2 protein chains.
Amino acid sequence: MVATQNRQVRLAARPVGLPVRSNWEYTTETVPEPDEGEVVVKVLYLSLDPAMRGWMNEGKSYIPPVGIGEVMRAGGVGRVVASGDSAFAVGDYVVGGFGVQEYARLPGKALTKVDATAAPLPVYLSALGMPGMTAYFALLEVGKPKEGETVVVSGAAGAVGALVGQIAKIKGCRVVGIAGGEDKSRYLVNRLHFDAAIDYKTQEVPQGLRMHCPKGIDVYFDNVGGDILDACLARLALHGRVVVCGAISQYNNTTPVKGPSNYLSLLVNRARMEGFVVFDYAARYSEAVREMARWIAEGKLVSREDIVDDLETFPERLLMLFKGENFGKLVLKVADDG
Amino acid sequence: MVATQNRQVRLAARPVGLPVRSNWEYTTETVPEPDEGEVVVKVLYLSLDPAMRGWMNEGKSYIPPVGIGEVMRAGGVGRVVASGDSAFAVGDYVVGGFGVQEYARLPGKALTKVDATAAPLPVYLSALGMPGMTAYFALLEVGKPKEGETVVVSGAAGAVGALVGQIAKIKGCRVVGIAGGEDKSRYLVNRLHFDAAIDYKTQEVPQGLRMHCPKGIDVYFDNVGGDILDACLARLALHGRVVVCGAISQYNNTTPVKGPSNYLSLLVNRARMEGFVVFDYAARYSEAVREMARWIAEGKLVSREDIVDDLETFPERLLMLFKGENFGKLVLKVADDG
């Protein structure tokens, strides 16, 4: 290995509201050597996810919080630079939970090899990564859309939302996306072939839903929570399903989460609201990756990444998610593949 | 027929908040004669239900609102006094949607005969009526409790809640009831054999749930909404289920419904919240009535009615439900069976 220094971003303090610079600290350590069974990876790209905000909070969740002083948790794609596991050779490309740092040492069994010739590396953090797995299983296994049904997705130009809408189109549904900004709305309709898009920044969402979902919403895929969740609940069709995948509008609240006032629409419409965590489907990831890769190859599915750099700017780049500034899957480029 | 006068209670104006006397008007009409296929029933008992408050509101729901000037909708049990339908003889006991009045004229096909020798008549408005059907299908088909799971029910001393808890016990679950008042709590544990009861008027519900549901809540059967719903969401177990059957705490709101702030517990716990309307199971009522009647005969299920009179006091009696003053199924006695 040429490099000897490993820059890292650690959680210094738990944020109140939007994370600020002082919630983070930078450290530099020597790049570690792998022990038996371990692998050292040079991190090339890191996935920036809304869920990161939740991991910064104390308290019970689907995954333990990141501890104060720990390297911030992050998934990524990188290249093996030293290996104590015969299953991995130097030069192999792998995905894993690297953390926000330049080099990561992990057990080989925590890594998955990827084929850098089959797709650009960032796609393994996007359609062929966790956002893809999330969209695929949450929509198909929890939302259970049927051909001809109306599917509404919020955060529709984001990593998960754009894939949800496209998968719903592949399954023969009418698809309406909710996103912020005219450029995103145009992209959803023109490039991803959504049936309609609602720009929540300039349009009234309830009116948009009335116009574009004349028969009500059969599946609402919620990435945002808040007022948009309420508007979609109010427009549910009989036996509608609400997939609770995220609530980005609420993650930086300093006041209690806004509960959905219109939840009694579940009663009126005999409808269901159900939560989803992607890890529950880990045993079936390969099945979804195969199908998603085939759809990409057939031109039916577009994986769009918004690639920004670099490690130093991590705190500011993360905030792009909460300001709706990303367009597609937000990926932090950490290093050139050299 | 001896009587010629039919006293009626009609909806005079839509209430804001708790209904008051001026929301009602009293009328007296001549008792009608049945046309071909019709039956005239002397109303003996009427069912007073929290859902009545919803029927008084304008707007889309699972059933149309009661119109201004119409006889208030109500289910009841009564005796046939005149029949134009060969399927019904004078003296038959029947249940049906009579409305809040002394005599009702309905098509024979809208009535169901009941056996007055098999159970006291008010039981046909309780365990063997809509509350029973609601408890049975909502718990078993939506909540889907499994043996050994923890089931929590609110409004636990009410018409539906008391049956839900008892059915859950029959199915081998650990059952915790939430009700208002020490006498109700004692009744749930001592008479209905609930494993524990929480008196929300004197105890902190979150603490009670922590104590009595050490492994979390597998099924929460919600009759009340509001803070109790939030407390139960916060205590859900992995793959928990919330049955949205009612929200009595919210029915008289003059402000928007309180949405459940803790709904993201659905995500964390991969849990489900689902609405229920009993009418969807109409085709299977007879199956449930058979099983409930058997449980009553075997001493496994207690049907408790809180019988009050009379038609004149309907407006005040209805309010007992919203003040938590009823203890068991609230039934308005309209007439002696003479």
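Residues numbered from 1 in each chain as written. Chains lettered and ligands numbered in written order. Predicted model: local features only at pLDDT ≥ 70, side-chain atom pairs only at ≥ 80, totals over all residues.

## A few points about the relation of the copies chain A and chain B
Quick reminder of the rule: The least-squares superposition of copies is restricted to C-alpha atoms, and to residues with a pLDDT of at least 70 in both copies.
Of the transformation superimposing chain A on chain B, the axial component is 0.0 Å and the angular component is 180°, with the fit at an RMSD of 0.0 Å. Here the transformation between the copies is reduced to the relation of a two-fold axis. When C-alpha positions in chain A are compared against the rotation axis, the closest is assigned to Gly 259 of chain A, at 2.1 Å.

## Describing the interface of chain A and chain B
Selection rule: C-beta atoms are first placed from the backbone for all residues, and any pair lying within 7 Å is then listed as a contact. Strands are runs of DSSP state E lasting at least 2 residues, helices are runs of H or I lasting at least 4, and numbering of each runs from the N terminus. Classification convention: Asp, Glu, Lys, Arg as charged; Ala, Val, Leu, Ile, Met, Phe, Trp, Tyr, Cys, Pro as nonpolar; all other residues, Gly among them, as polar. Strand pairing follows a simple DSSP-based rule, namely that at least 2 bridges must link the two strands.
With 25 residues of chain A at the interface, the matching set in chain B holds 25 residues. The set of elements that each furnish at least two residues to the side of chain A that touches chain B consists of α7 (265-268) and β13 (272-275) of chain A. Tallied by class, the residues present in the side of chain A that touches chain B amount to 15 nonpolar, five polar and five charged. For β13 of chain A and strand β13 (residues 272-275) of chain B, the ladder comprises three bridges, and the chain directions are antiparallel. Residue pairing across strands places Arg 272 of chain A opposite Glu 274 of chain B, the latter belonging to β13 of chain B.

## Focus: the confidence of the model for chain A
Here is the rule: A residue's pLDDT is the confidence the predictor assigns to it, expressed on a 0 to 100 scale.
Scored by pLDDT, chain A has a mean of 96; 99% of the residues are at 70 or more. Model confidence for the complex: the whole-complex pTM is 0.93, and ipTM, which rates the interface, is 0.91.

## Focus: the packing of helix α2 (residues 130-143) of chain B against helix α3 (residues 159-170) of chain B
Residues and elements named next belong to chain B. What counts, and what does not: Lines fitted to C-alpha atoms define the axes, with helix axes restricted to the stretch in contact, and inter-axis angles between N-to-C directions lie between 0 and 180 degrees. In what follows, roughly perpendicular refers to angles from 65 to 115 degrees, roughly parallel to angles under 35, roughly antiparallel to angles over 145, and oblique to any angle outside these ranges. Crossing chirality is assigned from the near helix's rotation relative to the far helix, an anticlockwise turn below a right angle marking it left-handed and a clockwise turn marking it right-handed.
In contact at an axis separation of 8 Å, α2 and α3 are set at 45° when each is read in the N-to-C sense. Relative to α3, the element α2 is oriented oblique. Considering the relative orientation of α2 and α3, their crossing is right-handed. Residues Pro 131, Gly 132, Thr 134, Ala 135, Tyr 136 and Leu 139 of α2 touch α3, and the partners they reach there are Ala 159, Val 160, Leu 163, Val 164, Ile 167 and Ala 168. Grouping the constituent residues of the contact of α2 with α3 by class yields 10 nonpolar, two polar and no charged.

## Quick look at the domain arrangement of chain A
All names here are of chain A. Formally: Where each domain begins and ends is defined by an automated method or by a domain database.
What the domain assignment lists for chain A is domain 1 (5-122 + 304-333) and domain 2 (130-279). In this complex, domain 1 contributes 18 residues to the contact, which on the side of domain 2 involves 14 residues. If you list the elements that add at least two residues to the side of domain 1 that touches domain 2, you get α1 (51-55), α9 (314-322) and β15 (329-333). Residue composition of the side of domain 1 that touches domain 2, by class: eight nonpolar, seven polar and three charged.

## A word on the nonpolar core
Inclusion rule: In this usage, the nonpolar core is the set of buried Ala, Val, Leu, Ile, Met, Phe, Trp, Tyr and Cys residues whose C-beta atoms join them within 7 Å. Exposure is read from a count of other C-beta atoms within 10 Å of each residue's own; the residue is exposed at 12 or fewer, buried at 20 or more and partly exposed in between. C-beta atoms are placed from the backbone.
Among the nonpolar cores identified, the biggest contains 214 residues, and Val 152, Phe 221 and Val 243 of chain A together with Val 152, Phe 221 and Val 243 of chain B are the most heavily contacted of them. Beyond its immediate chain neighbours, meaning those up to four positions away, Val 243 of chain A contacts Ala 138, Leu 139, Val 142, Gly 143, Val 219, Phe 221, Asp 222, Glu 274 and Phe 276 of chain A.

## Concerning unusual backbone geometry
Here the amide bond leading from Asp 309 of chain A into Asp 310 of chain A is cis, since omega sits at 0°, within 30 degrees of zero. Tracing the chain through its elements places Asp 310 of chain A in the loop between β14 (305-309) and α9. Despite not being glycine, Lys 144 of chain B has its phi angle at roughly 45°, a positive value. Structurally, the position occupied by Lys 144 of chain B is in the loop between α2 and β8 (150-154). With 14 C-beta atoms counted inside 10 Å, the residue Lys 144 of chain B sits in the partly exposed group. The phi torsion at Arg 270 of chain B lies on the positive side, around 45°, for a residue other than glycine. Tracing the backbone shows Arg 270 of chain B in the loop between α7 (265-268) and β13. When the 19 C-beta atoms within 10 Å are taken as the criterion, Arg 270 of chain B is described as partly exposed.

## Topic: the pairing of strand β12 (residues 236-244) of chain A
Each regular strand carries side chains that alternate between the two faces of the sheet. Residues and elements named next belong to chain A. Operational definition: Viewed with both strands pointing away, a crossover whose connecting path from the first strand over the helix to the second turns clockwise is right-handed.
Relative to β12, strand β11 (residues 217-222) is paired through five bridges, and the arrangement is parallel. Paired with Asp 222 across the two strands is Val 244, which belongs to β12. Regarding the hand of the β-α-β motif, the stretch spanning β11, helix α6 (residues 226-234) and β12 is right-handed. As judged from the four bridges shared by β12 and β13, these two strands associate in the parallel manner. Its bridge partner lying in β13, Val 242 is registered against Met 273.

## Some remarks on α9 of chain A
All names here are of chain A. Operational definition: Within this analysis, the arc is defined by the directions that extend from the helix axis to the C-beta atoms.
Those residues of α9 lying buried are Phe 314, Arg 317, Leu 318 and Leu 321. Along the axis of α9, the buried positions cluster into a sector of 105°, meaning they face one direction only. On its buried face, α9 sits against β1 (5-11), α1, β14 and β15. Just downstream of α9, Gly 324 is the residue with a positive phi angle, here 70°.

## Remarks on the sheet that holds β12 of chain A
Read from one edge to the other, the open sheet built from 12 strands follows the order β10(A)-β9(A)-β8(A)-β11(A)-β12(A)-β13(A)-β13(B)-β12(B)-β11(B)-β8(B)-β9(B)-β10(B), with strand pairing classed as mixed. Whereas interior strands pair on both sides, the edge strands pair on one side only; in this sheet they are β10 (196-199) of chain A together with β10 (196-199) of chain B. On average, each strand axis in the sheet is tilted by 15° relative to the strand beside it, whichever way the strands run. When β8 of chain B meets strand β9 (residues 174-179) of chain B, the two strands line up parallel, connected through five bridges. What sits directly across from Val 152 of chain B, in β9 of chain B, is Val 176 of chain B. Against the sheet, helix α4 (residues 182-190) of chain A makes contact with β9 (174-179) and β10 of chain A, and its axis sits at roughly 170° relative to β10 of chain A, the strand it touches most. Its contacts with the sheet place helix α5 (residues 205-212) of chain A against β8 (150-154), β9 and β10 of chain A, and it is angled at close to 170° to β10 of chain A.

## Some remarks on the pairing of β14 of chain A
Residues and elements named next belong to chain A. In the sheet, β14 pairs with β15 via five bridges, with the strands oriented parallel. Bridge assignment links Glu 305 to a residue of β15, and that residue is Lys 329. A crossover connection joins β14 to the parallel β15 through α9; in handedness this β-α-β unit is right-handed.

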